[in-house]
Amino acid sequence: MAKYPKINYIGNKLKLVDWIISNMPVKKGTVVDLFCGGSSVSYGLKKLGFKVIANDCLFSNYVLSKAIIENNSEILERSVFDIHITDDEANKKYDEISRHLTKVLYYDYEVKELSRLIKISEKLLGYKKYLFLSLIRRAMIRKLPYSRMNVPWNQIQKLRDEDYSYKKYGRKRAYHNLTFENLMKADLENYNLSIFDNKSNSVSYHTDCFELVKQLDKTDIIYLDPPYPKTMNKYADFYGIYDKIFNKEIDYSDFSQNENFLDNFVKLINLCITKTDYIVISLNNKTQPTVNELKDAIKHLGTTTIVEKEHQYKVTNKQNKNTTIEQLLILNTKK
């Protein structure tokens, strides 16, 4: 049976997917996952037979949704790693990406290896390309302490020292020092096994949330899980260098930085209700605005329901001692 692959994504809703979907107000049809992130909710919806419209402003997330949400059948052969790349091709790519990576996230010899792998991706077509790009994404994050791309270089060097890591944390974390190719090959089968067809023709987008909603036809549910202020919401910092090295950065509405979050989010909800009768919003008791503040801001648009569940997140393999109350705010505008 198809299974969601390991991806490393801060804020992933993987352990909450079943609860989220069980509280969806419709049990079949089309769901728009407007801030799909690591695609765990999109994947759960796809497994239950929904047509999913997945969107994210980060290319690093888009390649994943293309690979495992939109893709229904294509898998990746191990032989792709043997595609010949000339020294000139690899060196040209190295010149393009080195300033973003060398002694910023990785050692020089590692960036040279990554350059060759990126050139391989450019020779692939269709969903095979997106699977390969997803494996590159996973390997890049896997090699980094704390699984994010905004750790200072001096800290990366220190934490990738296996003796230091063992003395400080009791673990050597040797996977940080494996090659990109070794890490990609180790995950290849899991990514291939995640591919399945639910006959719904799901689609993926890489665009601003407002722009996508404007393009939508009528849909059954729009699911919103934006990067709330005062949370670990720096996704562009965590993963944005990936977008840079592929020249895929786009302009988008940045909710994570916006002091007028509530006003802008309500504007988005007002746009969404022109395309659906049901909006399902994920948040928790630590987000700002609070669930009650958001409820008060949109209650004139229809009937609102709040569903809650206790949950504990893990950060860098350590259980958070403080229990979070996960919340769903469901807006029903159906007349």
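Up top you'll find the structure we're talking about.
Here the residue index of a chain counts from 1 through its sequence in written order. Reporting of local features is limited, given that this is a predicted model, to residues whose pLDDT is at least 70; pairs of side-chain atoms are given and counted only at 80 or more, and all residues count toward the totals for whole chains, interfaces and linings. Side-chain metrics rest on all non-hydrogen atoms present in the structure, leaving aside hydrogens and water.

K.L.:
Teacher, can you tell me more about the overall build of the protein here?
P.N.:
Numbering goes from the N terminus for both helices and strands, where a helix is a DSSP run of H or I of at least four residues and a strand is a run of E of at least two. From N to C terminus, the protein includes 13 helices and 9 strands. Burial classes: relative accessible area under 20% of the type maximum marks a residue as buried, over 50% as exposed, and values in between as partly exposed (1.4 Å probe, protein chains only). Residues classed as buried in the protein amount to 54% of the 335 residues present. Here, two residues are considered to be in contact whenever any of their heavy atoms come within 4.5 Å of each other. For the protein, long-range pairs separated by at least 24 residues make up 76% of all intrachain contacts whose partners lie at least 6 apart in sequence. Exposure was quantified through the Shrake-Rupley algorithm and a 1.4 Å probe, taking into account, for residues, occlusion by the shown protein chains and nothing else. Carbon and sulfur atoms form 47% of the exposed surface of the protein, whose accessible area is close to 15,800 Å². Here the protein contributes 52 positively and 41 negatively charged side chains, and the mean placements of these two sets differ by 5 Å. Neither His nor the chain termini are counted; the positive set is Lys and Arg, and the negative set is Asp and Glu. The location of each charge is read from NZ of Lys, CZ of Arg, CG of Asp or CD of Glu.

K.L.:
Explain the pattern of salt bridges here, please?
P.N.:
The salt bridge definition used is simple: a Lys or Arg side-chain nitrogen within 4 Å of an Asp or Glu carboxyl oxygen. In the structure shown here, the tally under the stated rule is 18 salt bridges. Put simply, Glu-96 and Lys-93 hold a salt bridge, and the shortest N to O gap is 2.8 Å. Of this pair, Glu-96 and Lys-93 both sit in helix α4 (residues 87–101), 3 residues apart, roughly one helical turn. Looking at Lys-93, the relative accessible area reads 8%, which means it is buried. Between Lys-299 and Asp-296 there is a salt bridge, with the nearest N and O atoms lying 4.0 Å from each other. A residue is classified by how much of its surface remains accessible, and Lys-299, at 52% relative accessible area, is exposed. Residue class for Asp-296 comes out partly exposed when judged on its relative accessible area of 47%. Members of the salt-bridge network, linked through shared partners, are Lys-93, Glu-96, Lys-119 and Glu-122.

K.L.:
What am I meant to see in the packing of aromatic side chains here?
P.N.:
Two descriptors summarise a pair of aromatic rings, namely the distance from one centre to the other and the angle between the planes of the rings. Each Phe, Tyr or Trp ring (for Trp, its six-membered ring) is paired with any other whose centre lies within 6.5 Å, and the angle between the two planes then decides the class: stacked below 30 degrees, edge-to-face above 60, tilted in between. Going through the model one piece at a time under the given rule, you end up with 22 aromatic pairs. A centroid spacing of 5.6 Å and a plane angle of 85° characterise the contact between Tyr-43 and Phe-196, whose relative ring orientation is edge-to-face. Taken together, the residues span a long stretch of sequence, with Tyr-43 in helix α2 (residues 40–47) and Phe-196 in the loop between α9 (180–193) and β3 (203–205) at a distance of 153 residues. A single burial state applies to Tyr-43 and to Phe-196, both of which are buried. Seen in terms of ring centroids, Tyr-235 and Phe-238 are 6.0 Å apart; in terms of plane orientation they differ by 90°. Their pairing is edge-to-face. Note that Tyr-235 and Phe-238 are positioned in helix α11 (residues 235–245) at a spacing of 3 residues, about one turn of the helix. A relative accessible area of 4% means that Phe-238 is categorised as buried. Here a set of aromatic residues connected by ring pairs shows up, and it is made of Phe-35, Phe-210, Tyr-228, Phe-255, Phe-261 and Phe-265.

K.L.:
Would you explain the side chain of Asn-284 in this entry?
P.N.:
Structurally, Asn-284 can be placed in strand β5 (residues 278–284). Counted as a polar contact is a pair of N or O atoms within 3.5 Å, where, for protein atoms, one must be capable of donating a hydrogen and the other of accepting one, and residues adjacent in sequence contribute only when both atoms are in side chains. A polar contact of 2.8 Å, which involves the side chain of Asn-284, links it to the backbone nitrogen of Lys-286.

K.L.:
Explanation requested: the nonpolar core in the structure shown.
P.N.:
Soluble globular proteins tend to bury their nonpolar side chains together. Residues belong to one nonpolar core when they are buried, are Ala, Val, Leu, Ile, Met, Phe, Trp, Tyr or Cys, and are joined through side-chain atoms within 4.5 Å. One finds Leu-101, Phe-132, Ile-136, Met-140 and Tyr-242 to be the most contacted residues of the largest nonpolar core, which totals 80 residues. Among the elements that take part in this core, helix α6 (residues 126–142) stands out by supplying 9 residues, more than any other. Other than its neighbours up to four places away in sequence, Phe-132 contacts Leu-76, Val-80, Phe-81, Leu-117, Ile-120, Ser-121, Leu-124 and Met-184. Within the second largest apolar cluster, 28 residues are counted, among which are Val-32, Ile-53, Tyr-228 and Cys-272.

K.L.:
Which parts of the structure should I look at to understand the state of the cysteines?
P.N.:
Put plainly, two cysteines are in a disulfide when a covalent bond ties their sulfur atoms together. When two cysteine sulfur atoms are found within 2.5 Å, that pair is recorded as a disulfide. This structure, assessed with the given rule, holds 0 disulfides. For the unlinked cysteine Cys-36, the closest cysteine sulfur is that of Cys-57, found at 9.3 Å. Judged by relative accessible area, Cys-36 falls into the buried class, the value being 7%. Left without a disulfide partner, Cys-272 is nearest to the cysteine sulfur of Cys-209, which lies 7.9 Å away. Among the residues examined, Cys-272 registers a relative accessible area of 0% and is labelled buried.

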